[in-house]
Amino acid sequence: MSAEPRYIHHVNFPTTDPDRTAEWYTKVFGMKRIMPKSNTRVVLMTRGNFDLHFTPVEEMERMAPYHFAVEVDDWDDFLAHLGELGIRHTRPVQRPENQSRFCYIHDPDHTMIELVYHAKRPN
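Here we summarise the structure given alongside this text. (Residues numbered from 1 in each chain as written. Predicted model: local features only at pLDDT ≥ 70, side-chain atom pairs only at ≥ 80, totals over all residues. Heavy atoms only, no water.)

Turning to the pattern of salt bridges, a few remarks are in order. Following the criterion strictly, the structure yields three salt bridges and no others. For aspartate 109, the salt bridge identified is with arginine 20, shortest N-O distance 3.0 Å. Of the two residues, aspartate 109 sits in the loop between strand E7 (100–106) and strand E8 (112–118) while arginine 20 sits in helix H1 (residues 18–29), which places them 89 residues apart along the sequence. (Salt bridge = Lys/Arg side-chain N within 4 Å of Asp/Glu carboxyl O. Helix = DSSP H or I, 4+ residues; strand = E, 2+ residues; numbered from the N terminus.)

Given below as structure tokens:
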């Protein structure tokens, strides 16, 4: 037995429209909605390697500057994917010291998501 955690299982964010949120995360990140067998109203989304949960709320409180980050495998392809979906992003920033890039997008409830790419990610 270890006293150290294995990994983050999921994070939970509020949503004002559960179905819109599920559709958006499916289109943008290829996530799958899991329909809970219990009576929970929480929207459960998974990619297999990470999960996101969304709790329905009547009104959204401002979340920024809080955010989560998603690493993408191909920077140019993912930005093209966003363009095809009509999703705007901030100006990409490149960090020459570690050959990484990042920018930000927002989901329909304005949750901020950082997109990250590392050209030479150490294994």
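The pairing of strand E6 (residues 93–95) with E7 spans three bridges and is antiparallel. Paired with glutamine 94 across the bridge in E7 is arginine 101. Linking two consecutive strands that pair antiparallel, namely E6 and E7, is a turn of four residues; a positive phi of about 55° is found at glutamine 99 within it. The turn linking E7 back onto E8 is made up of five residues, and histidine 110 within it adopts a positive phi angle of 75°. (Pairing = 2+ DSSP bridges.)

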